[in-house]
Structure formats: structure tokens, C-alpha cells
Amino acid sequence: MRATLGEIAAALGVELLGPSNVAERPIEGIGPLESADGATIAFLSNPRYRAQLASSAAACVIVAPALREEALARAGGRGAAIVVDDPYLCFARLTQWWARRVRPAPVAGIHASAVVASDAVLAADVSVGPHAVIEAGAVLEAGVVVGAHGFVGRNARIGAGSQLAPRATVHFDCVLGARCIVHSGAVIGADGFGFAPTKSGYVKIEQLGAVRIGDDVEIGANTCIDRGALEDTLIGNGVKLDNLVQVAHNVQIGEHSAVAGGVGIAGSAKIGARCTIGGKAGVAGHLTIGDDVHIGAHATVMSSVTEPGVYSGYFPLDEAKNFQRNAAVVRQLQKMRERVRTLEKQLERQPGAPTGPNNDNEAA
Amino acid sequence: MRATLGEIAAALGVELLGPSNVAERPIEGIGPLESADGATIAFLSNPRYRAQLASSAAACVIVAPALREEALARAGGRGAAIVVDDPYLCFARLTQWWARRVRPAPVAGIHASAVVASDAVLAADVSVGPHAVIEAGAVLEAGVVVGAHGFVGRNARIGAGSQLAPRATVHFDCVLGARCIVHSGAVIGADGFGFAPTKSGYVKIEQLGAVRIGDDVEIGANTCIDRGALEDTLIGNGVKLDNLVQVAHNVQIGEHSAVAGGVGIAGSAKIGARCTIGGKAGVAGHLTIGDDVHIGAHATVMSSVTEPGVYSGYFPLDEAKNFQRNAAVVRQLQKMRERVRTLEKQLERQPGAPTGPNNDNEAA
Amino acid sequence: MRATLGEIAAALGVELLGPSNVAERPIEGIGPLESADGATIAFLSNPRYRAQLASSAAACVIVAPALREEALARAGGRGAAIVVDDPYLCFARLTQWWARRVRPAPVAGIHASAVVASDAVLAADVSVGPHAVIEAGAVLEAGVVVGAHGFVGRNARIGAGSQLAPRATVHFDCVLGARCIVHSGAVIGADGFGFAPTKSGYVKIEQLGAVRIGDDVEIGANTCIDRGALEDTLIGNGVKLDNLVQVAHNVQIGEHSAVAGGVGIAGSAKIGARCTIGGKAGVAGHLTIGDDVHIGAHATVMSSVTEPGVYSGYFPLDEAKNFQRNAAVVRQLQKMRERVRTLEKQLERQPGAPTGPNNDNEAA
């Protein structure tokens, strides 16, 4: 694909700066600042890459106002720049424009091999891929795309413009809002993990709720969102879930929260709006995480977090021997604390010892 | 769906208590105690929700004998109750009865789009969904349901009454017992991870075993159970695996054990009966966990656990700065222990110091 | 299946030792040393199983030269042995030979139910299973096998001899080398997790790169490898990924590295050659792990690791009460270190205290 800088600037609705005729420059790709060549458009958003700007061979760089002169001064004044308040956002929009140009649009229609129930309700322009299955009573609103091997269970509803990648599964009665993206292998609406324990084994609690998902939600590959036991599992507008995330039954995730890969969220946990949860973190069930809480990677959240803020819970790795030796001491920490207390008391008893409160206030 | 309390009590084989005509009350749903309305049946099992009982508007509450009067006294004596020794179990059975009434039963038959090998052996009443694939020599016993896009490999056997949700995969030679449920995306019988390392790279060890699964086993969405290297991977009767669990080759899981979401169990680990393993815990290979062992969420099991009991292994998260500072000290714990020892020795040398054994018995 | 020891030795190109007529012994299976019977061939590689050798009833044992006499002396001198420098490698090759004999070879041809684009390029001998989908411009080189429900997106390329298990998914533009194995449910080329945050929510960054995978790579069940944002995600020759692994966009994994189940590797991390990463470990984004680095199970890698070596980062579990008490002290470690410092200073001020540097050099 090839476009001129002028076309790009016009498509993004931004001003293009640089030498005369800059609008004619041909662009063949979007690339990182460092490896960009004269047919590449790049961007600079993270200040730590600023050192790469002056020497970048990129045909054009998207930068913030503070870097305008630096971007234009490149190549002896032959640099081009798009100056915007939020270069990263501008870059995001550029990728969207680019993708629309290089990728074939889904073709409306139902593939001959798809199995669509006679009473499913499909908008005129939906695209249903090969071997997809749409069950009775399901609704696909305008512009919906169901990829190859997609499955939409009975009475499920897929909102306008939502896209199911090949092999995405949405079970019966589940509801997706508009403009959602569900990646391959994701399973929405499998049974929650609920059993009554008895002496002769577990007795299944049928999961009578479903999953309700807002607008503009993206759900990663092989991610699972279980249906609720009695009420619905709820995913708010704008939520983004990465791959291999487990969302258990009756979880609620507030608007515009983002959850990284491999996270597990146990049953009935409530997560607020605008939260982020780092990769492989775990959230226990029946707790509440407030709005604007940021949980670091690998952390274990076992009780509610009510204050907005940044929380962490991982230990850096070390050479195996060192780590194991220190880890062994962790198993003795209570005893060590007692030994420190004993020492403090011994010293207090000595003539000339300092008096007053010590730090021993951390009752377990 | 709508049922009367009388129908429900009769179906569950329990006694219904309350004012006259209580059996006529129409029920439209099962719900939590707190949000239940006059057309809802609720239950109280966990004592911490007891405070919600008196004010619950539920048409009927399933309670234990101790709460009988409190349940009936609701609404000025118009409360209804089902009094049973195990309200949670009664609730579980109610959900099962309810689900059978609101969900269409699978229709026996083989969908025209399914690909079934001519020498597969299918009981007369099995249900095979659209685009399912049943390979040569596979056996589906009475009442088996294979959902859309299901895959049953050659010579695999699915026991009577077992259900494969859409897009469940059971590979060749694997055996499931009766009444199992396999959720979407689960993969039973992929190759175990086995290689002989050489200087020029890894050489694959073909996995010549299979997977054998008992009766009444439930396997969560996108969970993987690998086939054994030489012998079979074994899952006992009544085992329940949540979503996104990894069970490596040659693992054995004893009867009625339950494994929560995101757990990983490495090769050849043996887990006993009636164990529970919390979410995202990890179990190393070639170790043994005895019966009735309960492993908490996020714990790392790196050596055998022989005694029944409750085990834990997670660190609560903290504000990021605090956590990181304390985590940095963990890397110095050995040194800190030595410093404490040094202090103790110094004090012992002083006149008037206490004598006798100190606590320094934690040789690493 | 049944073979003679002579056939096996000939197939593996190794010498068979033992009593006369040993080549005639019939073998019906490969098994562990301990449970092997007179129709089983076993191997001994790990020295900790050596004690099982003398009493093993195996028809033949594959051993290293040092154990030659011990292997032959079994059963009063009737033991048979295959003596090789690397018994484990010999065993691996035996499993491969065995599997080829007991498993039906994939039949070349395209199943009638598969949907293959007219301009896809398929070598004459490929095997495409039922309900597979091969999109426009895709290339399947010689000997490729695509299992049931397999998906190969437009312009993707699958190298010679590679095998996609049932329900493996390779998205558009992605490239696999020769002799790769992709297990069921694996998703190669879903979108990386990239968004520009704005006040009104996240704006998607279209992922314009793809995934490029070398030769002899094995990818586990339900593992995900995301496509790159601008450039490609890269997996080197000989890499082995276990099940449920998350490889985020723009990750690079060097040749012959092996990654165990449940590991997560965040965006743009670079992992060197010949590394191993233990089960459920996590690797943060934008860091570098050098060659020959071995990361233990459950470790969290949050900064670059440049030196070859063995690294660890897990805490062994403990009885729940003990663990929780010690974990509580971890939250006080900074304070405890200060208390130890205070004690040391007090003692230094005392007459007769030792002088010189103390250990207090661990500035956080």
C-alpha cells in the first residue's frame, strides 16, 4: 500500500508541516522511529525515545508541540512533522485508517456452509463466515461480522458493528453491545464454576444467568467470561480484556477498565471503572476494587481495594540460590521478629539505653 | 418460566411451610436473598448473609432448621420457607430442575453438516451438533451430546450422558466416563510437553498414552488435559476443573478434587482425593499431594504435601512503593538474619546477658 | 502393535546386546522401568531411577555405557540392552518410530466439507480435514496437515511438513516454517493488546504486523501468539511452547528456547536462544533476556536478565496460618531493617563494641 503524506494528513484531519511539496511524499508503511526509512511515517510519544528523533530517517514524524522544531530540523531542515497534542492517539487513528486501506472489508452475506437457524434475526449487511453456527432466536445487528467457525447460541444478541473473529464462541442468552471485538477462541457464557459439596461429591449448580457486555469492548484470544449463577456477569462499556483472561461468574467490570493477559478474576468480584490490572494478576472472589485502581502484574488481590492508586505485589527474581535462601528466611520471619523484639528489650534493660516507644507496633 | 411453590416443593421432594395457599404462589425466578422479590425463591446457606433474611421480600426462602421461625416470620408471618438440612444442596437441585424447564433439551440426531465416520459407534439417542466431527472408531454412548464444532478423535469413547459443549475437543484414544461435561474450547488429549534436549535442539518424544477421565467430571472452558507420554493421564470420578486449567501429561487427580481457574499442574504430579486447589496456583511435576489437601489461590507447590490440611502461599498486595521497598528487603533477608545473629552474640557476651538456647535454629 | 527387538534396533540404527536370539523377543509397548514387563522396552536416563534397573522385568533397557553390565546382568544374565551415549534421545527416537507404526498417517487430500479459497496454493500432498477453512492467498507447502476445524487466514503460509491439529488457528499474513506442530485451540496472529488511552476511553491501535515462526517449532494447546503492532512477532527455529502460553505482540523468542505451560510474555520482550522458562512464570514487556537463561517456575521477570544462569522467584507454600503470619511480617520488613540498624548503632556506642563496617549496605 502506498499513500502520500498529504492524503494521510487529510484523512486524519491534521496539519502537515515541512518543506514545500511535503504533501507529495509517498508513504509505504508505519514504523518505529529508529528503523523508519524515507517511506515510513513514525511517531514519538514516549519521552524515553526522544533521543532517536533527531537522527530518524522517517519521512514524517508525529510529535507533540514541544518537539515541533526538533522534528522539522531533521535532515538539514527537510524533516516533515504532524504536530498534535496527543501523538499516540494520532498514531492509533493512523493505524485504523491504514488497516482499512490494506485489509479487505468483510463481505456482507452468509457463507453457504454456515448453519443459521431459520428464526435467527440477521441484519441485511451482516457477514457470517464459513462453518459458523447461529442458533435459534439469535440476533445479529447491523454490520456484525461472525468469522469462520463462529458460534452464536440461541437468543444471544450481538450489537451493531461487533466483530467475532474466527472461532469465537458466544453462548445462549448472552448479549454484546455495539462495536465489540471478540478474538479467536474466546468463550463467552460457559458455565460458572459452582457446586454444592456433599459427602458423595459435588452437585452442580446450574448457571441460570448470562453475560452482558457493553459497547466497544474487546475480548482477547482464548479469554473466558463465564455466565452468572443467578444474575448476569457484567462487562462495562469500553472494557479491554487481553488474551487468556478468566472472568468468573457474576463478576462485574466497570467502564473503560483494562485487564492484561493471563489475569484471573474470581466469582462475584466487582471491579470499578478505569482500572488496570497487570498481566497474570489474580483477583479473589466476592471483593470490591474501586474506580481508578491500578494493580501491577503478578499481584494477588485477596481483599478489597477501595482507594484509587497504584498497587503492586510481585517479588523480583534472583539467582536461584540467592532466591531460595532468602525465601527460606521468609518462612522464619515471625521468629526473627521475635528475636529482634528480644534484643530490643535486652537493650532497654541496660543502663543508658534509649527509652520511649519502639517500632514494635505491627501486631500481626 | 413460571412455576408454583407447590410444584417446586414436589419436584424437590421437600416440605413447603407457610400460610395456607402458599403452594399456589407463582415463582418466576431464583434469586439472591437481598434482591429477591415476591415472585422469587431464594436460599440462605452462608451465615454471613443471615442479616438479609428478615427483610427479604422473597416469596420463599430455603433455610436450615435453625432459621425456620425467622424465615416464616417474614412479612408479618406471610413468609414461606423450605426447611432442609443442606439449603445449598437443595438450591443446587432447584437450579437443575429449573434449567431442565427453561432450556430446550438437546434433540437426538446427527446434524446434516456433522462429519461422522462410518465406523463410529453412536447410541441411538445421541445428539451431534452442526459441523461436529466424529472420527473412525469413536464411541458415543447413550444420551451423549456433542455440540457444534465438537471433535471426537478416532477410537475415543464418550460415556453415557456426557455432554461436550460447542467447540470441545477430545483427541484420539481418550476416554470419558458417564455424565461428564466438557466446556467450550477445552482440549483433552493434546500432546504432553516432552522433548529430549540435544546440542542441535529438542527432539520430540511422541506421547503414546492417552487421557482417561472418570464419571461426573466437569472440565472448564479452554482447559487443557494432555495425553500421557507412555501411560495415561488420569482424572478421577467427580473431579471438577474450572476454566483455563493446564493438566500436563501423566498427571493423576483423585476423586472429587476441585481445581479452580488458571491452575497449572505439571507433568506426573499426583493429586489425591477430595483436594481443592485455589485459582492460579501452580503444582510442580513429579510430586505427590495427598488426600484432603487444600491449596490456596496463587500458591506454588514445589514439593510433596503429605498431610491433609490448608496450605497457602500468596503475599497480599500493597501500595506499589511499600511493596517494592519491602520486596527489596526480602532480597537481603539472609544478611539480615546474620546481623540479628551477630547482635545476639554481642549481647550474650555482655555481663548480665541471658543465657541458654536462643532461637537461632533455622538452618537454611 | 508388536515388533521384535531386532526390528527396533535396526530402525534406530543401534546395537542390541544380550543372549542369543535376543533379536527375536517380541515387544508390545514402551514403558517405565518400574512397571515394564517382558514385552516392554524401557529406558534409564535419570540416575535417580537407577535403583529400579536391576529388578526391572523389561525385555530390553536402553542405557548409557556405564550401565551396560548392570543392564545385561538382569534376570540371571538374560537381560537385553541397547547401549547408547544418550538413552533419552534414543528413547525419543523410539517413540517417534513407534508412533509412526501405530498411528494412521494423514491421508493426502481435501475433505469435502473443507472450505478452500480458489486462489489458495496447496501442495499436491497436503491433507485438509473436515470443516477446515483455508482463505484466499494462503499457501500450504508440501506435506502440510490441517486438522478438522483448522483455520488458515488469507496470505498465511504454512511450511513444508507442518501440522495443525484440529481447531488450530493461524491468522492472515502469518508465516510458519517447516515441520512445525500447532496444537488444538492455539491462536496465532490475534491482535496484540494495544490502545491509546484518552479521557473518553481506549482507542484501538490496529496491529499491522504479523507473526513469523521458524522451523521445528511446537506450539501448545490454547496458546496464543499475538501479531505485532508495526513489525512482526518472531519465534525462532526449534522453539517449544507448552499449553496456555501467552506471547504478546512484538515479542521475540530466540532459537531452541522452551517455555512451559501458563507462562505469559508481555509485549516487545526479547528472549534469547536456548532459554527455558518454567511453568506459570511471567515476563514483563520491553525487556531483554539473554541467551542461556533459565527462569524457574512461577517467577516474575520484571527487568532484563543479561547473564546466563539459573534464576528463581517463588516462595514455597506453607500451612496457611504460618504463611499468612510470615507474609504479614513481609509487609513490615523495612521497619524491621531499621530496628536492626538501631540495635546495631546502640551496640556500637557501648564500650567494648566491635568496630568496623557492619553489613548495612543494602540501600533499597
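Residues numbered from 1 in each chain as written. Chains lettered and ligands numbered in written order. Predicted model: local features only at pLDDT ≥ 70, side-chain atom pairs only at ≥ 80, totals over all residues. Heavy atoms only, no water.

(A) Representation of the interface of chain B and chain C. Residue-level contacts link 82 residues of chain B with 75 residues of chain C. Summed over both partners, the interface of chain B with chain C comes to about 6,500 Å²; 66% of that surface belongs to carbon and sulfur atoms. With a shortest N-O distance of 2.8 Å, Glu344(C) and Arg339(B) are connected by a salt bridge. Between the two partners, chain B and chain C, sit 27 residue pairs in polar contact (both at pLDDT 80 or more). Mapped onto the side of chain B that touches chain C, the elements with two or more residues apiece are strand E21 (187-190), strand E22 (195-198), strand E23 (201-204), strand E26 (224-226), strand E38 (300-301), strand E39 (309-312), helix H5 (320-330) and helix H6 (333-349) of chain B. (Contact = heavy atoms within 4.5 Å. Buried area = accessible area lost by both parts, 1.4 Å probe. Salt bridge = Lys/Arg side-chain N within 4 Å of Asp/Glu carboxyl O. Polar contact = N/O pair within 3.5 Å; in protein donor to acceptor, adjacent residues only side chain to side chain. Helix = DSSP H or I, 4+ residues; strand = E, 2+ residues; numbered from the N terminus.)

(B) How the structure looks around the packing of helix H1 (residues 5-12) of chain A against helix H4 (residues 87-102) of chain A. Residues and elements named next belong to chain A. In contact at an axis separation of 10 Å, H1 and H4 are set at 110° when each is read in the N-to-C sense. As the angle between them shows, H1 and H4 are arranged roughly perpendicular. As for how H1 packs across H4, the hand of that crossing is right-handed. Facing Glu7, Ile8, Ala11 and Leu12 of H1, the residues of H4 in contact are Cys90, Arg93, Leu94, Trp97, Trp98 and Arg101. Across the contact of H1 with H4, the residue classes break down as seven nonpolar, no polar and three charged. (Axes fitted to C-alpha atoms, helices over the stretch in contact; angles between N-to-C directions. Parallel < 35°, antiparallel > 145°, perpendicular 65-115°, else oblique. Left-handed = near helix turned anticlockwise from the far one by under 90°. Nonpolar A, V, L, I, M, F, W, Y, C, P; charged D, E, K, R; others polar.)

(C) Highlighting the domain arrangement of chain A. Annotation of chain A at the domain level lists domain 1 (3-102), domain 2 (111-311) and domain 3 (328-364). Relative placement of domain 1 of chain A and domain 2 of chain A: their C-alpha centres are 37 Å apart. (Domains from an automatic or database assignment.)

(D) Highlighting the sheet that holds strand E2 (residues 16-17) of chain C. Residues and elements named next belong to chain C. One open sheet accounts for five strands, arranged E2-E7-E6-E5-E4; its pairing is mixed. Both outer strands of the open sheet, E2 and strand E4 (29-30), are each paired with one neighbouring strand and no more. Across two bridges, the pairing between E4 and strand E5 (residues 40-43) is parallel. Directly across from Ile30, in E5, lies its bridge partner Ile41. (Pairing = 2+ DSSP bridges.)

(E) Representation of the UniProt feature "active site" (unreviewed entry) in chain A. Residue and element names in this part refer to chain A. According to UniProt, the "active site" (unreviewed entry) feature falls on His249. Within the secondary structure, His249 sits in the loop between strand E29 (246-247) and strand E30 (252-253). Look at His249 and you get buried, because its relative accessible area is 14%. Within the structure, the side chain of His249 is placed 2.6 Å from the side chain of Gln207, a separation counted as a polar contact. (UniProt positions renumbered as here; feature names shortened; annotations may be inferred. Buried < 20%, exposed > 50% of the residue type's maximum accessible area, 1.4 Å probe, protein only.)

(F) Spotlight on the pattern of salt bridges. Counted under the stated rule, the structure contains 42 salt bridges over all chains. One salt bridge connects Arg68(A) with Glu69(A), and the closest N-O pair in it is separated by 3.3 Å. Owing to a relative accessible area of 36%, Arg68(A) belongs among the partly exposed residues under this scheme. By relative accessible area, Glu69(A) is classed as exposed at 54%. The salt bridge partner of Arg157(B) is Glu141(B), with a shortest N-O separation of 2.7 Å. Residue Arg157(B) is found in strand E16 (residues 157-158), and its partner Glu141(B) is found in the loop between strand E13 (139-140) and strand E14 (145-146); the two are separated by 16 residues along the sequence.

(G) Just the relation of the copies chain A and chain C, in detail. Between chain A and chain C, the superposition needs a rotation of 120° and an axial shift of 0.0 Å, giving an RMSD of 0.0 Å. Both chain copies can therefore be described as sitting about a three-fold axis. (Least-squares fit on C-alpha atoms with pLDDT ≥ 70 in both.)

(H) Layout of the interface of chain A and chain C. Counting residues at the interface gives 74 residues for chain A, matched by 81 residues for chain C. Here chain A packs against chain C, burying approximately 6,500 Å² in sum over the two surfaces, 66% of which is carbon and sulfur. Ranking the residues of chain A by area buried against chain C places Arg103(A), Arg167(A) and Leu317(A) at the top, with a combined share of 11%. Linking chain A to chain C there are four salt bridges. For the pair chain A and chain C, the number of links is 27 residue pairs in polar contact (both at pLDDT 80 or more).

(I) Seen up close, the packing of aromatic side chains. Considering all chains together, one arrives at 24 aromatic pairs over all chains under this definition. Pairing Phe43(B) with Phe91(B) gives two aromatic rings, centres 4.0 Å apart and planes at 10°, and the pair type is stacked. With a gap of 48 residues between them, Phe43(B) in strand E5 (residues 40-43) and Phe91(B) in helix H4 (residues 87-102) connect regions that are remote in the sequence. Accessibility classification places Phe43(B) together with Phe91(B) in one group, the buried group. Joined through ring pairs, the aromatic side chains of Phe315(A), Phe323(A), Phe315(B), Phe323(B), Phe315(C) and Phe323(C) make up one cluster. (Phe/Tyr/Trp six-rings, centres within 6.5 Å; stacked < 30°, edge-to-face > 60°.)

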